[in-house]
Amino acid sequence: MSEPPAVLFVSTDYPPRPGGAERHTQRLAETLWLHGHRVRVLTRSARGVPGDAGQAPVWRFPVPPAPPWRDVAFALWVAAELAILRPRYQIVQWVMTGWQVLVGMPVAAALGMKNILMLAGCGQARLLLEHPRGRMLLDILRRHADRIVVLNPAMRQELLDLGFPVERLVTLPCGADPRIFHPCATAERAALRARWQLAEDAPVIVFTGRFVDVKRVPDLIDAFARLAARHPRAMLVLAGDGPLREELAGRVGVAGLTGRVLFPGMLLPAQVAEVLRLGDVYVLPSASEGIPCSLVEAIASGLPSVVSDIPGTAMLVRQGIAGWRVPVGDVPSLAAAIENLLGDPGARRRMGAAARALFLESYTVDHVRQGYERVYCELVGTEIPA
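Residues numbered from 1 in each chain as written. Predicted model: local features only at pLDDT ≥ 70, side-chain atom pairs only at ≥ 80, totals over all residues. Heavy atoms only, no water.

A. Local environment of the layout of surface pockets. Roughly 480 Å³ of internal volume is contained in the second largest pocket. The wall of the second largest pocket is formed by 20 residues, among which Arg27, Glu30, Asp177, Arg179 and Ile180 lie closest to the centre. Those elements giving two or more residues to the lining of the second largest pocket turn out to be α1 (20–34), α10 (269–278) and α15 (365–380). Per-class residue counts for the lining of the second largest pocket are 8 nonpolar, 5 polar and 7 charged. (1 Å grid on protein atoms, 1.4 Å probe; cavity = no way out; pocket = protein on both sides within 12 Å on 5 of 7 lines; lining within 4 Å. Points joined across faces, edges and corners; volume = space filled by probe spheres on them. Helix = DSSP H or I, 4+ residues; strand = E, 2+ residues; numbered from the N terminus. Nonpolar A, V, L, I, M, F, W, Y, C, P; charged D, E, K, R; others polar.)

B. Representation of the sheet that holds strand β1 (residues 7–11) in the model. Judged by pairing direction, the sheet is parallel, and its 7 strands sit side by side in the order β3-β2-β1-β4-β5-β6-β7 without closing on themselves. The two strands at the open ends of the sheet, each matched to only one other strand, are β3 (58–61) and β7 (169–171). Sheet twist, expressed as the mean angle between neighbouring strand axes with direction ignored, is 20°. Pairing of strand β4 (residues 91–95) with strand β5 (residues 114–118), which is carried by 5 bridges, proceeds in the parallel orientation. Looking across to β5, one finds that Val92 is bridged to Asn115. (Pairing = 2+ DSSP bridges. Axes fitted to C-alpha atoms, helices over the stretch in contact; angles between N-to-C directions.)

C. Structural context of the packing of helix α2 (residues 69–85) against helix α3 (residues 99–110). Interaxial distance between α2 and α3 falls to 8 Å at its minimum, and their mutual angle equals 15°. With respect to α3, the axis of α2 lies roughly parallel. In terms of crossing hand, the pair formed by α2 and α3 is right-handed. In this structure, α2 contributes Asp71, Val72, Phe74, Ala75, Leu76, Ala79 and Leu82 to the contact, and α3 contributes Trp99, Gln100, Val103, Gly104, Val107 and Ala108. When grouped by side-chain class, the residues that make up the contact of α2 with α3 number 10 nonpolar, 2 polar and 1 charged. (Parallel < 35°, antiparallel > 145°, perpendicular 65-115°, else oblique. Left-handed = near helix turned anticlockwise from the far one by under 90°. Contact = heavy atoms within 4.5 Å.)

D. How the structure looks around the pattern of salt bridges. Overall, the coordinates contain 21 salt bridges when judged by the stated rule. With its nearest N and O atoms 2.6 Å apart, the salt bridge here joins Asp219 to Arg216. Members of the salt-bridge network, linked through shared partners, are Asp13, Arg44, Arg70 and Asp71. (Salt bridge = Lys/Arg side-chain N within 4 Å of Asp/Glu carboxyl O.)

E. Examining the nonpolar core more closely. Trp94 and Ile338 are the most contacted members of the largest nonpolar core, which has 126 residues in total. Residue contributions to this core peak at 7 residues, all from helix α13 (residues 331–342). Discounting residues that sit within four places of it in the chain, Trp94 has contacts with Val10, Val78, Leu82, Gln100, Val101, Gly104, Met105, Ala108, Asn115, Ile116, Leu117 and Met118. (Core = buried A, V, L, I, M, F, W, Y, C linked by side-chain atoms within 4.5 Å. Buried < 20%, exposed > 50% of the residue type's maximum accessible area, 1.4 Å probe, protein only.)

F. Main features of the side chain of Glu339. Within the fold, Glu339 resides in helix α13. Within polar-contact distance, the side chain of Glu339 engages the side chain of His231 at 3.0 Å. Beyond its immediate sequence surroundings of up to four residues, Glu339 is in contact with Leu227, Arg230 and His231. (Polar contact = N/O pair within 3.5 Å; in protein donor to acceptor, adjacent residues only side chain to side chain.)

G. Up close: the side chain of Thr31. With respect to the helices and strands, Thr31 occurs in helix α1. For Thr31, a relative accessible area of 6% puts it in the buried group. Apart from residues no more than four positions distant in its own chain, Thr31 is found in contact with Val365, Asp366 and Arg369.

Shown next, in the form of structure tokens:
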């Protein structure tokens, strides 16, 4: 039997830095490595960021502190490493776009390596049309990307509209580890609530992710403010970090909710899993997503969800089955959907069970790995590993 394909991942950022694409890359690299693939990750240094980058081998390049030299230096380093590593790796998987793709993808193609690009979300490819460098990058993708991974049907259609051939597009999701992300056992709930200093009978609404504009976390705070008086024991946990952290804290203070909204900061995966297990409802009001890793983690944890009605959430949350979908930016509808779940424990249990069943069927790390393995083996002409 031939050896499984060897994959070199290239990502500007990588855990312990936050971000769904980065967590997805880490999990995929690790599960491939654990199943016998030769894997390596090329990324930038992560100075001052605590945490664990996982088990797969990672090389970090100490880049200059600011763009554009940071991005150019990383791209040139990647191109040089491709020439060195070519005898050991057949496939380069590029995580999102940037200078490293602009410079490195033609080098990989010239060296006979297969190129796979993963786009982050809806609209990203079309945005490239607005800038000369972006148009150059699209041209490079047309010439040198053997496969482009899209995360939902809307992303697929966007690339078809831009003239990419259908046979080079592949839809693959992100996944989570069911051993880490799982529903809360009855005996565990009291201990978890005590550890996080939350009352055992308090309804807990959870958001996990980056505090950036596209996530629309202010909408969630405003929705919580609408229902807080009618649910005086309800708590909101905003787990994450980002440039909007101070603004969000200020918004909570103005709404008079300081004691009822928790900001635990950026958490390690095991801590994120704990926060999800102690929660009752997960909320993701984003304006745009590919397929959110945070939402995959929530359904893995057996939580019903309230999400914005965007293509990136459609495969994970069907209306009334695993949660509720509301229009982007519609705070009254967001508040009403959350309140409906807070007031209906039976619906929470039913939707949470449906969410977990969907996760086990299609979104475990092993399901995702197997999907990527099929693509890798097709590209290099080897048998799919047993």
